[in-house]
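Report on the structure
Each chain is listed here by its residues.
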Amino acid sequence: MSKINQMLFLRLKFIFFTIFFHGFFNNYKVYSQNISVNSAIQTGLWRAHFNYNDINLIHVFDNKIYASANKGLYFLDLKDNSINTLSSINGLSDNLVTALYDDGSELIIGYSSGRIDFFSDYNIITLNLNLDNSYFKINSFNINSNNLYVSTSQGVYVFDLNNKFFLEDYSNVSYQSSSSNIISTQIHSDSIYLVGENKIYFAPLNGKNLLDFNSWNSYEISDAQLLGSYLYEDKVNVYSSSKAYDLYGNILDFNIEELIKKIKVYDNRLMLLSENNLYSIVNNNTVSKIASLNDFIINDFTYFDNDYWFGLENDGLYSLSLKSKFSVFNSPNINFSKIIKNSNLFYGFNNNKNYSVLLDGIWVNKRFDNFKKITSVSEYNNSLFFGSKTLGIFNQNNNVIIDNSTENSLLKKNINTDSTSVTGLISALDKMWILNYGTTHPLISYSIVDGWKEYEFDIGAYMYPVDIFFNNSETFWISLDKNFGGGIIVYNPYSNDFKKLNFTSNFLPNNSVNSLVIDKNDIVWVGTDEGLIYFPSSNIEVFNNISSYFKPNNDNENILQNIKINSIIVDESNKKWIGTDEGIIVLSSEGNKIEYEFNFENSPLVSNKVKKILSFSNGEIFFLTNGGLFSYKSDNSITQNSYSLFKAFPNPVDLKYHEIITFSGLMKSNKIKITSLSGKEIITLSTIGGGTSWDLHDYSGIRVKRGIYMIFLLSGDESKKLISKILIK
């Protein structure tokens, strides 16, 4: 059995487990994220937050229009006009779609990772062509005589469609390279044509040994970067963004001055798509305009049931006959490179002017007029401020940019880039504190009462702060850029004392500090390139009593060492959610036990590299990964001062559909006793924080039976108070 077929077998076993566990066979639409804005998010639910409406490819299959974006895809069901999103949340193996096709019974989805999904109403079968985690992109598909030809960045792979069995690959078609980037494959008149970036390879389809590059001939089109190919009037032609060519490199002049995006053939008609227009071309020279959409940017098109459908940039699908757009509701309009939390609001940014804010479960898409490269967000004196890597500070309320040229401002230009670099903003002690990166006074403050003020540390690494944290008392913790020496500054503005933490001072295992957080017990957790460490207090005086950092220990060994920590947050129950290059790790509230982990193997994450984590009071945890933005609804919630808001949900519980019960409205420390109606103890849960959950199992790990169950809260003397009843059916 080949390695590819072995990988298929292993992936099938994983997909079967995923499908069986999530009940995917019942109805995949259940997982389409069509969640009411006002409905509670179910505990344990994953969500993908993608820009679904930025369409790159569209394809018609089974009376549905499928539209793929930079991440994820959705389909418009033409039977009922419903819109459903698809992603790794639903069981797809990836989210970065690069090719769509079908064989009449399954939708075939190719990804930039080298994976292929065969998707139908009842299951998903996945092939993984990328066995060594190298760059491996699926470019396009073609089918001939029940064989699937997969054009990739590493040549062409051929599979038997019936059993998904690997047959052979044509990666060695040139003596100059062991693999070739093949854009598309065409089969015509018993010959096979492989279209590369600027070269066409061709050979007899039933040649003696197509694995040998000597069996292939080629023709070079040196002045073009080819985008694709098409079969028209019994000829194979190719095209770039500016021209179409026959197989001998002769230019086919369509007399269209616009750049070419796609050329396709429908009903024996040749159609050419530009950025705003679709043309019909007869006899390779007579051109007529089919449609003009000057208000949109078109990336792809298809023709189905006497209608033209267009895939638009950031605007979803468009039907020409209906003159209507069909897009995913509640979708951000950018792909996030940075996420920030401020006042329990979620902000997502890229390096451009667009950004998205999550307000009461709704993505609100906004745009700056003249501001970008956001690093930080803070509120001060009832105004909202944004920090920029290059442009200083933007006061949104007053619509004013503050930089080094602003009157009385103490902001200075970065000595390395000649721009005003602000890497952090935080409101504390009735001031707004600013990290002015790359300057001799990198920490400054502004207040209505005192105006501007600067604070002096030293030169060198001190000049390059990247993030700032406040312990809600008297001390700032400031992390420094590891590219300029790194480390941490601990600073008390009242005493003006500061402490430099680095490898040399023995207070860090290395100077590469990626994340820092202060938990509910005032312990400072620091994520570095070499693992997790902590300090027993956030107060600067702690360094009078300790001589080094501490490592988390589970009573047997130090944990979370020799692993790159990218991000740390603390939830309402004081658990630490840790983003690493190997997935997500959840550390207990005491910090001495790994409670659970999420990664590619056991969750919808398609990348184990987690760059940033944010948590919100409703228990939803957001993860920015190399594969996009995801969220997970945990069972923690805001800690209450009494049990007056206690709630157990769902209630009633249906054992066919529910895996857990969530408890909210809890106090700081809780003991919850669950008994049968007759008084038999089922389980007692000890929890910290405002929320927890029960997996419906007793002490022995046996799932409970149908019936009525009593929920008691235990006080310190073990006396109990009935607080709720649950019906399990």
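None of the values given here were measured: they were computed from a predicted structure. (Residues numbered from 1 in each chain as written. Predicted model: local features only at pLDDT ≥ 70, side-chain atom pairs only at ≥ 80, totals over all residues. Heavy atoms only, no water.)

**Focus: the environment of Thr-43**
Here Thr-43 shows up in the loop between helix H1 (3-22) and strand E1 (46-48). With sequence-adjacent residues up to four places away left out, Thr-43 is seen in contact with Lys-633, Ser-634, Asp-635, Phe-649, Ile-660 and Thr-662. A polar side-chain atom of Thr-43 sits 2.6 Å from a polar atom in the side chain of Thr-662. (Helix = DSSP H or I, 4+ residues; strand = E, 2+ residues; numbered from the N terminus. Contact = heavy atoms within 4.5 Å. Polar contact = N/O pair within 3.5 Å; in protein donor to acceptor, adjacent residues only side chain to side chain.)

**Brief notes about the nonpolar core**
With 28 residues, the main nonpolar core has Trp-46, Leu-317, Trp-577, Ile-584 and Phe-623 as its most contacted residues. Within the residue set of this core, elements represented by two or more residues are E1, strand E2 (55-61), strand E3 (64-69), strand E4 (73-77), strand E51 (583-587), strand E53 (610-615), strand E54 (620-625) and strand E55 (628-633). With three residues, the top contributor of residues to this core is E2. If we ignore the near neighbours within four places in the chain, the residues touching Ile-584 are Trp-46, Trp-577, Ile-578, Tyr-596, Glu-597, Phe-598, Leu-605, Val-610 and Phe-623. One finds Ile-661, Phe-663, Ile-682 and Trp-694 within the second-largest nonpolar core, a separate group that totals 20 residues. (Core = buried A, V, L, I, M, F, W, Y, C linked by side-chain atoms within 4.5 Å. Buried < 20%, exposed > 50% of the residue type's maximum accessible area, 1.4 Å probe, protein only.)

**A closer look at the sheet that holds strand E32 (residues 354-359)**
If you walk across this open sheet you meet the four strands as E30-E31-E32-E33, and the pairing is antiparallel. Looking along the sheet, the strands with just one partner apiece sit at the ends: strand E30 (338-342) and strand E33 (362-367). On average, adjacent strands in this sheet sit at an angle of 25° to one another, irrespective of strand direction. Bridge count between strand E31 (residues 345-349) and E32: four bridges; the pairing is antiparallel. If you follow Phe-346 over to E32, its bridge partner there is Leu-358. (Pairing = 2+ DSSP bridges. Axes fitted to C-alpha atoms, helices over the stretch in contact; angles between N-to-C directions.)

**Concerning the packing of aromatic side chains**
In the structure shown here, the tally under the stated rule is 61 aromatic pairs. Centroid distance Phe-470 to Phe-476: 4.7 Å. Interplanar angle 40°. Geometry classified as tilted. Accessibility expressed as a relative area gives 15% for Phe-470, which makes it buried. Residue Phe-476 is classed as buried on the basis of its relative accessible area of 0%. Aromatic ring contacts, followed pair by pair, group Trp-433, Tyr-455, Phe-457, Tyr-462, Phe-470, Phe-476, Tyr-491 and Phe-498 into a single cluster. The ring of Tyr-303 is capped by Arg-269, whose NZ or CZ atom sits 5.1 Å from the centre of that ring. (Phe/Tyr/Trp six-rings, centres within 6.5 Å; stacked < 30°, edge-to-face > 60°. Lys NZ or Arg CZ within 6 Å of the ring centre and 35° of its normal.)

**Focus: the sheet that holds strand E27 (residues 307-312)**
In spatial order, the strands read E26-E27-E28-E29; together these four strands make up an open sheet with antiparallel pairing. Edge positions in the sheet fall to strand E26 (298-304) and strand E29 (324-326), since each has one partner strand and no second. Averaged over neighbouring strand pairs, the angle between their axes works out to 25° when direction is ignored. Across six bridges, E26 lies against E27 in antiparallel orientation. Paired with Thr-302 across the bridge in E27 is Trp-309.

**Looking at the pairing of E51**
Here E51 lies mainly inside the structure; five of its five residues are buried. Strand direction decides the pairing type here: strand E50 (residues 576-580) and E51, joined by five bridges, are antiparallel. In the sheet register, Trp-577 faces E51, and the bridge partner there is Val-586. Where E50 folds back on E51, the antiparallel hairpin that results is connected by two residues. Across four bridges, E51 lies against strand E52 (residues 594-598) in antiparallel orientation.

**Things to note about the confidence of the model for the chain**
Mean pLDDT over the chain: 91, with 93% of residues reaching 70 or higher. Across residues 1-39 the pLDDT falls below 50, and counting only partners more than four positions away or on other chains, this stretch makes 70 contacts in the model. (pLDDT = per-residue confidence, 0-100.)

**Topic: a nonpolar patch on the surface**
Taken together, Leu-677, Ile-708 and Leu-727 make up a surface patch of nonpolar side chains, about 260 Å² in accessible area. Tracing the backbone shows Ile-708 in strand E61 (residues 707-714). Residue class for Ile-708 comes out partly exposed when judged on its relative accessible area of 38%. (Patch = residues over 30% accessible without salt bridge, like charges linked within 9 Å, V, L, I, M, F, W, Y side chains within 5 Å. Areas by Shrake-Rupley, 256 points an atom, 1.4 Å probe, with all protein chains shown as cover. Salt bridge = Lys/Arg side-chain N within 4 Å of Asp/Glu carboxyl O.)

**Looking at the pattern of salt bridges**
Should their charged atoms come close, side chains of opposite charge can pair. Counted under the stated rule, the structure contains 13 salt bridges. Asp-62 serves as the salt-bridge partner of Lys-64, at 3.0 Å between the closest nitrogen and oxygen. Lys-64 gets classed as buried once you look at its relative accessible area, which sits at 5%. Salt bridges linked by common partners bring Lys-262, Lys-264 and Asp-300 together as one network.

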